[in-house]
Amino acid sequence: MKLDTKYMRYITQEDWKVLTAVEMLSKNHEVVPTKLIGQQSHLGGSTARSISALAKIGLIARLRNAKYDGYRLTYGGLDYLALHTHNNKSAVYSVGNQIGVGKESDIFVVASPTGRQLVLKIHRLGRISFRTVKANRDYLRNKQGGSWMYMSRLAALKEYAFLVALREHNFPVPEPIAQSRHTLVMSLIDAFPMRQIASVPDPASLYAELIAMILRLAQYGLIHGDFNEFNILVEEKPDPAAKGGVALTPILIDFPQMVSVDHANAEYYFDRDVNCIKRFFKRRFQFTPTEAGPHFADARKLIGKDGAVRLDVNVEASGFSRKQAKELEAYMKSVGVDGDGDPNATRADLEEDANGDGDDDEEESDFVEEEEPEAKPVAKKVWADDVEFTTDR
Ligand code: ADP
Ligand code: MG
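Now for a quick tour of the structure.

**Observations concerning the packing of helix α1 (residues 13-26) against helix α4 (residues 75-88)**
Where α1 meets α4, the axes come as close as 11 Å, and the angle between the chain directions of the two elements is 120°. Crossing handedness for the pair α1 and α4: left-handed. Listed contacts from α4 to W16, L19, T20 and E23 of α1 are G77, L78, Y80, L81 and H84.

**Section: the sheet that holds strand β12 (residues 246-252)**
Strand order in the open sheet formed by three strands is β9-β11-β12, with antiparallel pairing between adjacent strands. Because the sheet does not close on itself, it has two edges, and the strands there are β9 (192-193) and β12. In terms of strand pairing, β9 meets strand β11 (residues 232-238) through two bridges, oriented antiparallel. Considered in β11, the bridge of F192 is made with V234. Relative to β12, helix α8 (residues 203-219) is tilted by about 30°, and along the sheet it contacts β11 and β12.

**Observations concerning the site of ligand 1**
Near ligand 1, the surroundings consist of 20 residues, among which S105, K121, I189, N231 and D254 are the closest. Contacts to ligand 1 include D254, whose side-chain N or O atom sits 2.9 Å from an oxygen atom. Here ligand 1 has 550 Å² of accessible area as a free molecule, and 89% of this is covered by the chains. Within the shell around ligand 1, the residues separate by chemical class into eleven nonpolar, four polar and five charged.

**A look at unusual backbone geometry**
Here G293 and P294 are connected by a cis peptide whose omega angle stands at 0°. Tracing the sequence through the fold places P294 in the loop between α9 (266-285) and α10 (296-302). Phi angles above zero are rare outside glycine, and H42 is one such case at about 50°. Residue placement: H42 occurs in the loop between α2 (34-41) and α3 (47-56). Of note in the backbone geometry, Q286 takes a positive phi value of approximately 50° without being a glycine. Structurally, the position occupied by Q286 is in the loop between α9 and α10. The exposed category is assigned to Q286, whose relative accessible area is 64%.

**Some words on the pattern of salt bridges**
Per the counting criterion, the structure on display carries 20 salt bridges. The closest approach of N and O atoms between R124 and D106, which form a salt bridge, is 2.6 Å. A residue pair is termed long-range when its members are at least 10 positions apart, and R124 in the loop between β6 (117-123) and α5 (129-132) and D106 in strand β5 (residues 105-111) qualify at 18 residues. Here the two residues R124 and D106 agree in accessibility, since each one is buried.

**Thoughts on the packing of aromatic side chains**
Per the counting criterion, the structure on display carries nine aromatic pairs. Ring centres 5.3 Å apart and planes at 70° place the aromatic pair Y268 and Y269 in the edge-to-face group. Taking the relative accessible area as the measure of exposure, Y268 reaches 48% and is therefore partly exposed. Measuring from ring centre to ring centre gives 6.1 Å for F281 and F287, while their planes differ by 75°; the resulting arrangement is edge-to-face. Each member of the pair, F281 as well as F287, is classed as buried. Through pairs of rings, three or more aromatic residues link up here, namely Y207, F280, F281, F285 and F287. Geometry around Y75 places R124 over its ring, the cationic atom sitting 5.1 Å from the centre. The ring of F171 has R216 sitting right over it, with the charged end atom 4.2 Å from the ring centre.

**A short note on α8**
Compared with the 24 Å implied by 1.5 Å per residue over 17 residues, the 24 Å span of α8 between its first and last C-alpha is a close match. Looking at the buried residues of α8, the elements they touch are α7 (148-168), β10 (222-223), β11, β12, α9 and α10. A positive phi of about 90° marks G221, the residue just after α8.

**Here's the deal with the environment of I251**
Along the chain, I251 turns up in strand β12. In sequence terms I251 and M194 are 57 residues apart; their C-alpha atoms lie 9.8 Å from each other. For I251, the residues in contact, after removing those within four places along its chain, are P172, V173, P174, I189, N231, I232, L233 and E235.

Each value, and the rule that gives it
- Residues numbered from 1 in each chain as written.
- Chains lettered and ligands numbered in written order.
- Predicted model: local features only at pLDDT ≥ 70, side-chain atom pairs only at ≥ 80, totals over all residues.
- Heavy atoms only, no water.
- Axes fitted to C-alpha atoms, helices over the stretch in contact; angles between N-to-C directions.
- Helix = DSSP H or I, 4+ residues; strand = E, 2+ residues; numbered from the N terminus.
- Left-handed = near helix turned anticlockwise from the far one by under 90°.
- Contact = heavy atoms within 4.5 Å.
- Pairing = 2+ DSSP bridges.
- Near = heavy atom within 4 Å.
- Polar contact = N/O pair within 3.5 Å; in protein donor to acceptor, adjacent residues only side chain to side chain.
- Areas by Shrake-Rupley, 256 points an atom, 1.4 Å probe, with all protein chains shown as cover.
- Nonpolar A, V, L, I, M, F, W, Y, C, P; charged D, E, K, R; others polar.
- Buried < 20%, exposed > 50% of the residue type's maximum accessible area, 1.4 Å probe, protein only.
- Salt bridge = Lys/Arg side-chain N within 4 Å of Asp/Glu carboxyl O.
- Phe/Tyr/Trp six-rings, centres within 6.5 Å; stacked < 30°, edge-to-face > 60°.
- Lys NZ or Arg CZ within 6 Å of the ring centre and 35° of its normal.
- Expected span 1.5 Å × (residues − 1).

Geometric values such as these leave the question of function open.
And the structure:
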């Protein structure tokens, strides 16, 4: 789904309060009763005006059934809240082009107030799953708080926590900048995914570097779990000393599925990571290593070597709890979101959600979604691709 920031600058302080109130109340209400929104936002009479303004631009959606009517936050509404926070904290000043569409995420280039180019990753768990697998909807509905919003937030929280930890220990990963709700902001890596690289001057040394990275992760207690040509960006720098005159530096991204070396299926994930790289090097670069392995047993011996700290343990202590990790993992497993490297993974089934909110359970809910009239253009369009937004603080 799109991230349309064009209404950002027209949202008033009252509107933000109302939107925040709907977000807060969504934690306990599938549909937030209109009456409660007024109470929560402490705005009295002007609540109705804000509700109507927000509904017009699709940040909240009106639903009603026999008993009461109310609103729910849409993905668009959650996007705006996250951007508003990033803006207030001076992490993001403007939003540019979309550079990536993952199975369950959208990636945008954004700029900081000083003009530094950054990446905004928006997690959209449930986008495909709701549509394709009925069991998932039931799964999520029966889970307390287990909504698309909650799961997307967990994915962003987890990814950010690992990014911070890895960066702190000098792993080649983007620099973490900020996190809010289902989004995170990180540095932009000026490089192509390995997937897009046709040939390299010295496959053996790049291969060795990637295997060393897998082993170093294990030394720190971690298995990436989706270590493949989509999630490795290869930086190229001229270097007369390197073979072919270019030095290649692999940068690792995409961490929501990271697991501990103590995970019950650790060996499976470890082998899969190693084999993904082997398969790719053979197919793309016609390179086959002379040695077998590395095997998980070898990797296990490295855990904690040279005083390496256990990042799996640290991250758990730093705010992404074991309970949250389990919830996210159960969700990812249930919907089959298990890595780009999965031969069964397909990006072609990435359909636009007509509602734009990732929630496709109308046919089973007794709530009826109200059609909102098309939003009228508020002013002449002055935005180009790179949309700068100012907000009413
Ligand atoms: P997903 O979980 O959907 O696979 P990723 O984090 O792997 O999301 O990002 C999808 C794509 O977006 C990547 O393959 C890469 O091309 C691009 N991308 C993501 N993060 C960055 C970054 N920090 N710098 C540059 N490109 C990025
Ligand atoms: Mg990826």
